[in-house]
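A structural walkthrough
Chain residues, written in single-letter form:
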Amino acid sequence: MTIKPLYWTLALLLTVVGLGFAGGADARRVAARPNIVFVLTDDLAWNLVQYMPHVQQLRARGTTFTNYFVTDSLCCPSRASIFTGRYPHDTNIFTNGGPDGGFTTFHARGEEKHTFATRLQGHGYRTALMGKYLNGYTAQKRVGGHPLYIPPGWNEWDVAGNGYSEFDYNLNENGKLVHYGSQPRSYLTDVLARKGSSFVARAAKADKPFFLEIATFAPHLPYTPAPRDAEDFPGLEAPRTPAFDEADVSDKPSWLRDHASLTPEQISAIDTNYRLRAQAVEAVDDLIARIEATLKRNGVARNTYIFFSSDNGFHMGEHRLISGKLTAFDTDIRVPLVVTGPDVKRGRNATRVVENVDLCPTFDHLGRAGVPPKVEGQSLVALLHGKRPVNWRNAALIEHHGPDFGPEAGPDAPAPGSGNPLTYEALRLPHSVYLEYTNGEREYYDLYSDPYELTNTYSKLSPGQVAALHSQLDWLENCHNGATCSGGPSAR
C-alpha cells in the first residue's frame, strides 16, 4: 500500500524539476544539444546583403558581427581556417593550389582529421556538407587509390568540384556520382536548398542533434543567377563609394600605384557583374528561407543556430581595381557574419574584432565537443549571449601569399587590373589597418578619419607607434593556440 503513494510523490518531484512524465519531452528539448546550420557563400561582399530580405530578417532576430574578418581573402585559405580554427601559418594553406594551398595540401597534412566536423560527429552529431569543399577537390576525386573520396567527419556528403556555373556539374552524393544538367531544376543553389531541407527533416525525425553546412558557389564568377531572377534589378550599378575609381593612388604600394583610372568599358562591365551578383544571391536568400521553414515544420527551430557568412569579400571598382579580391582592404577582408539561435541577442550589432578562425571553436563549444588547445580562434558563444568576455583580442591577423599566378589559382586567378598583391601580413584593429609587405613597403589607414582607406598615413606614424604595431603583428604571426593568440602585445 505504500509503494503507489511513493511512486506518485517521486513522479511529482521529477515533474517539478522538469524531468517528470508530464514535462519530460520539453525538458529533453531544453537539455538537448543545439542543432547548427551554417550557410557559407562564396565571394559575397557586405554590399550584397541589402538584396537578401531573409538575411536582413536574421539580422533583426539575431546578432550581426560588424567587425568580422577572414584570415585571407581567398577561398581555400579562408575555408581551411574555418574548418580547423587555425591561421594559415599553421594550416599551411595560403593559396588555392600548389605546395602552399589547395585540397591536396590540406589532405596531405592530415588537417581533415582535426576539424569541427570530426569532433561534432564524434560527439553524436549527424553532420552534412553540401556544395563546395576546398579548391582542388572534385566530385569524382580519387584519393589513395579510392574514387569518390569523402573526408572524415561527414555523415552526408553532397559536394561538387566545379559548380561555379550552377548548371552542368557533378555531385558526389555519399559516394555516388550524379550529374545535373541545364534544366532550371538543376540550378545548384536550389538543389542544395532541397537537399539541405531533406537532411534537416530526416535528422529531426531521428531526434539527433545535427550540423549542416551548405556552402554555395554563388555569387562567385561567372555570377549565374537562378533563371527566375535573371531580369531583376534593371539598371542596377555598383556602389559609387569615395574609393570607386580612386582619384589618387600615388601613396599606395607599388603593386597598386601604377594602376590607371578605370575606363568606361571597365565601369560598364563592373556594373553588369554587380547586377548579376545581386541576382545570384536571391537564390541563396531563398535557400535560407526554405531551411528556416523546414526547421519550424519539424519543431526544431527554437533549438537551432543559423550562421550566415562568406569565405571572403570582393571589390568592384574600388581603388581603381576591376572585380577581384586578395587585398587587405575592407571590401575584401570584412564580410558578413549573422547568427540567430537560442539565447542569441536580437537585433544586436557586436563590434568586437572576430575572425573566421573563431567559427570552429564556436561550433565545438555549442556542440559540447571540446575545443582542442591548438585551435587559435576563440568561441563566440559569450558574445552571442550578450556577455563581455575578458582577454578578447583587439586585432585580426590576415596572411596572404602572392602574387598569385599559374593554373593552381583556378577560377580565382586574378585578371589583369583586379589586384594581385605581393605577399603581405596585415593587422586589422578595431579602427585601423596596418600592412607589411615582403619587399619592405608598409601601409596604415586610420579608419576613424578615413573609412574608405584613401590615404596611406604610415609615414606619419611615430617610431613608437610603428614598433607597437610591428610587435603585435609579429606576435600573431607566431602564435599557435587560442590562449597566446588572444594575448600578447597590443596596439591602438
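Now for a look at the structure at hand. (Residues numbered from 1 in each chain as written. Predicted model: local features only at pLDDT ≥ 70, side-chain atom pairs only at ≥ 80, totals over all residues. Heavy atoms only, no water.)

Quick look at the side chain of His400
Operational definition: Strands are runs of DSSP state E lasting at least 2 residues, helices are runs of H or I lasting at least 4, and numbering of each runs from the N terminus. Only protein chains enter the accessibility calculation, which uses a 1.4 Å probe. A residue is then buried if its area is under 20% of the maximum for its type, exposed if over 50%, and partly exposed in between. Two N or O atoms form a polar contact when they lie within 3.5 Å of each other; inside protein one atom must be a possible hydrogen donor and the other a possible acceptor, and for residues adjacent in sequence the pair counts only when both atoms belong to side chains. Should any heavy atoms of two residues lie within 4.5 Å, those residues are counted as being in contact.
Within the secondary structure, His400 sits in strand β13 (residues 396-400). A relative accessible area of 0% places His400 in the buried class. Within polar-contact distance, the side chain of His400 engages the side chain of Asp72 at 3.0 Å. Discounting residues that sit within four places of it in the chain, His400 has contacts with Asp72, Leu326, Pro421, Leu422, Thr423 and Tyr424.

Concerning empty space enclosed by the protein
Defined as follows: Throughout, the protein atoms alone are placed on a 1 Å grid, and a set of points is a cavity if a 1.4 Å probe fits but cannot get out or a pocket if it is open with protein on both sides within 12 Å along at least five of seven lines; lining residues have an atom within 4 Å of a point. Grid points are joined across faces, edges and corners, and a volume is the space filled by probe spheres set on the points.
Here the structure, examined in full by the defined rule, presents two cavities of 30 Å³ or more. Of the volumes computed, that of the largest cavity is approximately 50 Å³. Lining of the largest cavity is provided by Trp255, Thr327, Ala328, Phe329, Val433, Leu435, Tyr437, Glu443, Tyr445 and Glu453. Of all elements in the fold, only β15 (432-437) and β16 (442-446) reach the threshold of two or more residues within the lining of the largest cavity. Among the elements that make up the lining of the largest cavity, the one with the highest residue count is β15 (three residues).

Here's the deal with the state of the cysteines
By definition, a disulfide links two cysteine residues through a covalent bond between their sulfur atoms. Quick note on the threshold: Cysteine sulfur atoms that pair up within 2.5 Å are treated as a disulfide.
Inspection of the entire model under this criterion finds one disulfide. Across a sulfur-sulfur distance of 2.0 Å, Cys479 and Cys485 are joined as a disulfide pair. Taking the sign of the S-S torsion, 95° for the link of Cys479 and Cys485, the bridge is right-handed. Overall, Cys485 belongs to the buried group, its relative accessible area being 4%. Cys75 provides the cysteine sulfur closest to Cys76, a residue in no disulfide bond, and the two sulfurs are 8.2 Å apart. Sulfur of Cys360: no disulfide; nearest cysteine sulfur belongs to Cys485 and is 13 Å away. Residue classification places Cys360 among the buried positions, given a relative accessible area of 0%.

Remarks on the sheet that holds strand β4 (residues 126-132)
Selection criterion: In this analysis, strands are considered paired if DSSP registers two or more bridges between them. Here an axis means a line fitted to C-alpha atoms, over the contact stretch when the element is a helix, while the angle between two N-to-C directions is reported on a 0 to 180 degree scale.
With mixed pairing, 10 strands are arranged side by side in an open sheet as β7-β6-β5-β4-β8-β1-β9-β10-β2-β11. Taken across any chain shown, the strands that pair with only one partner, and hence form the sheet edges, are β7 (176-180) and β11 (348-350). Within this sheet the neighbouring strands show an average axis-to-axis angle of 15°, counted without direction. Against the sheet, helix α3 (residues 53-61) contacts β2 (63-65), β9 (304-310), β10 (337-340) and β11, and its axis sits at roughly 60° relative to β10.

Some points on the layout of surface pockets
Heads up, the condition is: All amino acids are sorted into three groups, where Ala, Val, Leu, Ile, Met, Phe, Trp, Tyr, Cys and Pro are nonpolar, Asp, Glu, Lys and Arg are charged, and the leftover types, Gly among them, are polar.
A volume near 480 Å³ is recorded for the second largest pocket. Lining the second largest pocket are 19 residues, and of these Asp330, Thr331, Arg334, Pro451 and Tyr452 lie nearest its centre. Along the lines of polarity and charge, the residues of the lining of the second largest pocket split into nine nonpolar, five polar and five charged.

Thoughts on the packing of aromatic side chains
Test applied: Aromatic contacts are taken between Phe, Tyr and Trp rings whose centres are within 6.5 Å, Trp giving its six-membered ring; a plane angle under 30 degrees counts as stacked, one over 60 as edge-to-face, and the others as tilted.
Applying the stated rule across the entire model yields 27 aromatic pairs. Each ring, one from Tyr51 and one from Tyr274, has its centre 6.1 Å from the other, and the planes form 75°; the classification is edge-to-face. Of this pair, Tyr51 sits in the loop between β1 (35-41) and α3 while Tyr274 sits in helix α10 (residues 264-297), and the two are 223 residues apart along the sequence. Here Tyr51 matches Tyr274 in class, with each residue buried. Measuring from ring centre to ring centre gives 6.5 Å for Trp154 and Phe211, while their planes differ by 50°; the resulting arrangement is tilted.

Points about the pairing of strand β5 (residues 156-160)
The element β5 is largely enclosed, with a buried count of five among its five residues. Every second residue of β5 is oriented toward a common face, with Glu156, Asp158 and Ala160 on one face and Trp157 and Val159 on the other, all of them buried. Taken together, the five bridges between β4 and β5 define a ladder with parallel strand orientation. When the bridges of β5 are listed, Gly131 appears paired with Val159. By the bridge criterion, three bridges tie β5 to strand β6 (residues 169-173) in an arrangement that is antiparallel.

Side note on the pairing of β16
Relative to β16, β15 is paired through five bridges, and the arrangement is antiparallel. Of the residues in β16, the one forming a bridge with Ser432 is Asp446. Here β15 folds back onto β16 in antiparallel fashion, the turn holding four residues, of which Gly440 has a positive phi close to 95°.

Considerations on the nonpolar core
Note the cut-off: To form a nonpolar core, buried Ala, Val, Leu, Ile, Met, Phe, Trp, Tyr and Cys residues must be joined to one another through side-chain atoms within 4.5 Å.
Ranked by internal contacts, the top residues of the largest apolar core, which has 63 residues, are Phe65, Phe116, Tyr133, Phe211, Phe307, Leu359 and Phe363. The contact partners of Phe65, leaving out residues within four places of it in the chain, are Trp46, Leu337, Val339, Ala350, Val354, Leu380, Leu383 and Leu384. Membership of the second largest hydrophobic core comes to 54 residues, among which are Met52, Phe210, Phe217 and Ile322.

With respect to the sheet that holds β13
If you trace the four strands from one edge of the open sheet to the other, you get β13-β14-β15-β16, paired in antiparallel fashion. Because the sheet does not close on itself, it has two edges, and the strands there are β13 and β16. On average, each strand axis in the sheet is inclined to that of its neighbour by 10°, with strand direction left out of account. The sheet contact formed by β13 and strand β14 (residues 424-429) spans five bridges and is antiparallel. Its bridge partner lying in β14, His400 is registered against Tyr424. Helix α14 (residues 463-477) rests against β13, β14, β15 and β16 of the sheet, and its axis sits at about 110° to β14.

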